[in-house]
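# Residue-level structure breakdown
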Amino acid sequence: MAIREILLLGHDHLRAECAPLEDTQKELAAKVAEDLRDTLLNFRKNFGFGRAIAAPQIDALVRILYMNISGEETVFVNPVLEPVDKETFYVWDDCFSFPGLEVWLKRYKHVRIKYLDLNWQEQELLADGDLAELLQHEYDHLDGILAVDHAQTSKSLRFNKDKMGKA
Ligand SMILES: [Zn+2]
């Protein structure tokens, strides 16, 4: 169990294409998930926001996402996300890797995510709106894509001092 350093915008490893996990790597998956949990909970304490985190953000270049909403946690191993239909919406997005910077971007409104849990059982989740946005954000991280890449104009970026943290 460890709180890991969160890589910040500009770090090369945030741009990596992460590797899928083999079923011989269950122990590694569990260890990464635990570090993601500890790191997310610590970030939330310091910055006042945060519901999910992707493995590359703690420099683990594997395809794992961790989500914690109201204490309920979900670990996504080797997730595959796809839109359910073509409906989209706009939202201000933020990220642990550039706290304070917000990006106005377009996301699919309804998505389906298929993944393995830590016991390597296949799972599926349908998500709408806010949760769909969150999952698309985290999923992008596994392919080295960041929210800032979705900024469409100079007006798509703004700074929010309340999200800069206490440090
Ligand atoms: Zn992020």
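Residues numbered from 1 in each chain as written. Predicted model: local features only at pLDDT ≥ 70, side-chain atom pairs only at ≥ 80, totals over all residues.

## Considering the overall build of the protein
Rules: For helices the rule is a DSSP run of H or I covering at least 4 residues; for strands it is a run of E covering at least 2, with both sets numbered from the N terminus onward. Our contact criterion uses C-beta atoms placed from the backbone: two residues qualify when those atoms are within 7 Å.
Per the secondary structure count, the protein includes 2 helices and 8 strands. When its helices and strands are written in sequence order, the protein yields α-β-β-β-β-β-β-β-α-β. Each principal axis of the C-alpha atoms in the protein carries an extent, and together these give about 45 × 40 × 30 Å. The contacts in the protein between residues at least 6 apart in sequence include a share of 68% that link residues at least 24 apart.

## A word on the sheet that holds strand S8 (residues 157-159)
Strand-to-strand pairing in sheets goes through backbone hydrogen bonds, with the strands running parallel or antiparallel. Going by this rule: One requirement defines pairing of two strands: DSSP has to find at least two bridges between them. What counts as an axis is a line fitted to C-alpha atoms, over the stretch in contact for a helix, and the angles between N-to-C directions run from 0 to 180 degrees.
Read across the sheet, 3 strands follow the order S4-S5-S8 without closing on themselves; strand pairing throughout is antiparallel. With partners counted over all chains shown, the strands left at the sheet margins are strand S4 (88-93) and S8, one partner each. Each neighbouring strand pair of the sheet contributes to a mean axis angle of 30 degrees, computed without reference to strand direction. Looking at chain direction, S4 and strand S5 (residues 101-108) are connected through 6 bridges and run antiparallel. Paired with Thr88 across the strands is Tyr108, a residue of S5. Contacting S4 and S5, helix H2 (residues 129-141) crosses the sheet at an angle of about 105 degrees to S5.

## A word on the sheet that holds strand S1 (residues 52-54)
Ordered by their spatial adjacency, 5 strands build an open sheet running S1-S2-S3-S6-S7, and the pairing between neighbours is antiparallel. The open sheet has two edge strands with one neighbour each: S1 and strand S7 (122-128). Neighbour-to-neighbour, the strand axes of the sheet open up by a mean angle of 35 degrees, direction not taken into account. Pairing of strand S2 (residues 64-69) with strand S3 (residues 72-83) involves 6 bridges; the strand directions are antiparallel.

## Comments concerning unusual backbone geometry
A positive phi is found at Ser70, a non-glycine position, where the angle reads about 50 degrees. Along the polypeptide, Ser70 turns up in the loop between S2 and S3. Its identity as a non-glycine residue notwithstanding, Trp120 has a phi of 65 degrees, on the positive side. Within the fold, Trp120 resides in the loop between strand S6 (110-116) and S7.

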